[in-house]
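Structural features, examined
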Amino acid sequence: EEMTPPQKILFPPVEICMDWQQSQRPGAGLRNLGSTCYINVVLQCLTYTPPLTNYLLSREHSRLCFQQGFCMMCVMEAHVRKVLHSSASAVWPRAVIRDLKLIGEEFEPDTAGDAFEFLRCALKAMQRACLSGSSNLDISSQTTTIVHQIFGGLLKSRVTCLRCQEVSDSYKAFLHILLDIKETSSLTAALNDLVTPKQLHGKNCFKCSKCEEATISKRVTVHHVPKVFAVCLERAADHTGKKISRFVEYPEYLDLLPYMSDTAGEPLVYSLYAVVVHSGDTCLDGHFFCYTKASNGLWYKMDDESVDNCGIHAVLSQQAYLLFYVR
């Protein structure tokens, strides 16, 4: 069923500041502590997410946090301050590596990992930190944390019986979206494919509750948009690690309105601010680096400890793996 109104608001939406509160040069690069490039790129992209970093720099979370032991929000708060305020050209992300197992059990120090998996686990760990101390919350209230209000949206799945036209809707919250690019050449084409109705077959199919017919169509749409739209272009061709290496076009400005449940109204325009790139012949090896837009409005290529100025044309010509857009 569609999510009911929250019983409790954990963070007031009006206090989320979408624009940088101060303009400054980019912060420090991140030293590689042994196959940690997949962690470094995600940390850099999160550091240059305006509404998140504005909140972290305010220290509001740590002042109110009573969590014993590991807290991902406190870790991120300290990390962001260290990166943006350091006079050094590069810093060591030791606190994140030290607590790596608490962020995701699958991660091992000195072992290569996947940037999308680390992003997924990092956002979940931040969400858990925001929910710490709040027990027995309804699902809608859990989506009112600062993390979910920034990254979270709502997908709608509409299932239609092709015989009697019976319709059933369900909803799912998300912090990021994974897109299939096996047969697409652009981000917009992949999004169009996501929202295109598909007939269910085999194990994915089920009978209509009204007429018992097993011919079902399903359509997924974005029902509520997030403030930050985080997208992964799935480059794993199969379970062997074979990589889809072709260029997939993505725009500097993205309108999400065509992919909404309700396509009436004004455009929902998002601006690109970070791109993660994977270089390598397969998904099981290689190297991650990223491009981020700093608070001064300029783009920088961030490759572990190096931070170099670049132009938008270089940003838009990459073999992108993760894309970050801000409303």
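A brief structural summary. The structure displayed is predicted, hence computed values, not measured ones.

Calculation rules
- Residues numbered from 1 in each chain as written.
- Predicted model: local features only at pLDDT ≥ 70, side-chain atom pairs only at ≥ 80, totals over all residues.
- Heavy atoms only, no water.
- Axes fitted to C-alpha atoms, helices over the stretch in contact; angles between N-to-C directions.
- Helix = DSSP H or I, 4+ residues; strand = E, 2+ residues; numbered from the N terminus.
- Parallel < 35°, antiparallel > 145°, perpendicular 65-115°, else oblique.
- Left-handed = near helix turned anticlockwise from the far one by under 90°.
- Contact = heavy atoms within 4.5 Å.
- Nonpolar A, V, L, I, M, F, W, Y, C, P; charged D, E, K, R; others polar.
- Buried < 20%, exposed > 50% of the residue type's maximum accessible area, 1.4 Å probe, protein only.
- Pairing = 2+ DSSP bridges.
- Phe/Tyr/Trp six-rings, centres within 6.5 Å; stacked < 30°, edge-to-face > 60°.
- Lys NZ or Arg CZ within 6 Å of the ring centre and 35° of its normal.
- Arc of directions from axis to C-beta.
- Core = buried A, V, L, I, M, F, W, Y, C linked by side-chain atoms within 4.5 Å.

Taken N-terminus to C-terminus, the directions of helix H1 (residues 37–47) and helix H7 (residues 115–131) make an angle of 50°; their axes are 9 Å apart at the nearest point. Comparing their axes, H7 and H1 come out oblique. The hand of the H1/H7 crossing is right-handed. Counted together, Tyr38, Ile39, Val41, Val42, Leu43 and Leu46 of H1 and Ala115, Phe118, Leu119, Leu123 and Met126 of H7 form the full contact between these two elements. In terms of residue class, the contact of H1 with H7 is built from 11 nonpolar, no polar and no charged.

With six of seven residues buried, strand S8 (residues 228–234) lies mostly within the body of the structure. Across four bridges, the pairing between strand S5 (residues 177–180) and S8 is parallel. In the sheet register, Leu179 faces S8, and the bridge partner there is Leu233.

All told, the structure shown has nine aromatic pairs when counted by the stated rule. Considering the side-chain rings of Tyr38 and Phe118, the 6.1 Å spacing of their centres and the 90° angle between planes classify their relative orientation as edge-to-face. On the criterion of sequence distance, the pair formed by Tyr38 in helix H1 and Phe118 in helix H7 is long-range, its members being 80 residues apart. Where Tyr273 meets Phe324, the ring centres are 6.0 Å apart and the plane angle is 55°; that geometry is what we call tilted. Taken as a pair, Tyr273 in strand S10 (residues 269–279) and Phe324 in strand S14 (residues 320–326) lie far apart in primary sequence, 51 residues in all. Each of the two residues, Tyr273 as well as Phe324, counts as buried. Cluster of aromatic residues (ring-pair linked, three or more members): Tyr38, Phe107 and Phe118. Across from the ring centre of Trp92, 5.6 Å away, lies the NZ or CZ of Arg31, which sits over that ring.

The next point concerns helix H10 (residues 187–195). Taken as a whole, H10 has its buried residues at Leu187, Ala190, Leu191 and Val195. Taken around the axis of H10, the buried residues stretch over an arc of 130°, which confines them to a single face. The inward-facing, buried residues of H10 contact S5, strand S7 (216–224), S8, strand S9 (253–255) and S14.

What follows is about the nonpolar core. One finds Met73 and Phe118 to be the most contacted residues of the largest nonpolar core, which totals 62 residues. In contact with Met73, not counting residues within four places along its chain, are Tyr55, Leu56, His61, Met126, Ala129, Cys130, Ile146 and Val147. In terms of nonpolar packing, the next biggest core, distinct from the first, is built from 35 residues, Val220, Val248, Val277 and Trp299 among them.

Right, let's get into the environment of Met302. Note that Met302 resides in strand S12 (residues 299–303). The exposure class of Met302 is buried, given its relative accessible area of 1%. Sequence-wise, Met302 and Val41 are 261 residues apart; in three dimensions their C-alpha atoms are separated by 7.6 Å. With residues up to four places along the chain from it excluded, the contact list for Met302 reads Pro26, Gln44, Tyr48, Phe289, Cys290, Thr292 and Val307.

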